[in-house]
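Read off the chains here:
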Amino acid sequence: MDTINKAAESAHETVDKIANATNQAADALGEKGEQLKNCEQRLVEDCRSYVHENPLTALAIAAAAGFVLSRLLSGR
């Protein structure tokens, strides 16, 4: 009976360690996700301000990107 109790206690400790590691990983991913979200928002704001300040250049860039994408995706 003592061996079974020791094995059960060891299993519980292992499960607790795994749960702790999982929680730490989830917290780290949550922080990184929040950082990526903030970075995305800054990038969108930067793009909006660039387009607002340089509308013709932005239009030319968009047209060039569309042309390149159409050539790449056309398969010819």
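Every value quoted in this text rests on a predicted model; they were computed, and no experiment measured them.

This next bit is on the overall build of the chain. When you go through the chain residue by residue, the secondary structure sums to two helices and zero strands. Relative to its length of 76 residues, the chain is extended, with a C-alpha radius of gyration of 26 Å against a globular reference of 11 Å. The distance from the centre of the 8 positive side-chain charges to the centre of the 11 negative ones in the chain is 13 Å.

Before going further, it helps to spend a moment on the state of the cysteines. Taken as a whole and judged by the stated rule, the model has zero disulfides. Not engaged in a disulfide, the cysteine C39 finds its nearest cysteine sulfur in C47; these two sulfurs lie 11 Å apart. The class of C47 is partly exposed, set by a relative accessible area of 43%.

A rise of 1.5 Å per residue sets the reference length of helix α2 (residues 55-74), with its 20 residues, at 28 Å; its end C-alpha atoms lie 28 Å apart and thus fit the reference within 8%. Once α2 finishes, G75 follows within two positions and takes phi at roughly 80°, a positive value.

Taken together, F67, V68, L69, L72 and L73 make up a surface patch of nonpolar side chains, about 570 Å² in accessible area. Tracing the chain through its elements places L72 in helix α2. Exposure remark for L72: the relative accessible area of 64% places this residue in the exposed category.

The subject of this paragraph is the pattern of salt bridges. In the structure shown here, the tally under the stated rule is one salt bridge. E45 is paired through a salt bridge with R48; the nearest N and O atoms lie 3.2 Å apart. Of the two residues, E45 and R48 both sit in helix α1 (residues 2-53), three residues apart, roughly one turn of that helix. Owing to a relative accessible area of 55%, R48 belongs among the exposed residues under this scheme.

Here the focus is the packing of α1 against α2. Interaxial distance between α1 and α2 falls to 5 Å at its minimum, and their mutual angle equals 115°. Regarding the angle of α1 to α2, the classification is roughly perpendicular. On α2, the residues that touch Y50, V51, H52 and E53 of α1 are P55, T57, A58 and I61.

A few words on the environment of P55. Locating P55 in the fold gives a position in helix α2. For P55 and S10, which are 45 residues apart along the polypeptide, the C-alpha to C-alpha distance reads 66 Å.

Definitions and limits used
- Residues numbered from 1 in each chain as written.
- Predicted model: local features only at pLDDT ≥ 70, side-chain atom pairs only at ≥ 80, totals over all residues.
- Heavy atoms only, no water.
- Helix = DSSP H or I, 4+ residues; strand = E, 2+ residues; numbered from the N terminus.
- Rg over C-alpha atoms; globule rule 2.2 N^0.38 Å.
- Lys, Arg positive; Asp, Glu negative; His and termini not counted.
- Charge placed at Lys NZ, Arg CZ, Asp CG, Glu CD.
- Disulfide = S-S within 2.5 Å.
- Buried < 20%, exposed > 50% of the residue type's maximum accessible area, 1.4 Å probe, protein only.
- Expected span 1.5 Å × (residues − 1).
- Patch = residues over 30% accessible without salt bridge, like charges linked within 9 Å, V, L, I, M, F, W, Y side chains within 5 Å.
- Areas by Shrake-Rupley, 256 points an atom, 1.4 Å probe, with all protein chains shown as cover.
- Salt bridge = Lys/Arg side-chain N within 4 Å of Asp/Glu carboxyl O.
- Axes fitted to C-alpha atoms, helices over the stretch in contact; angles between N-to-C directions.
- Parallel < 35°, antiparallel > 145°, perpendicular 65-115°, else oblique.
- Contact = heavy atoms within 4.5 Å.

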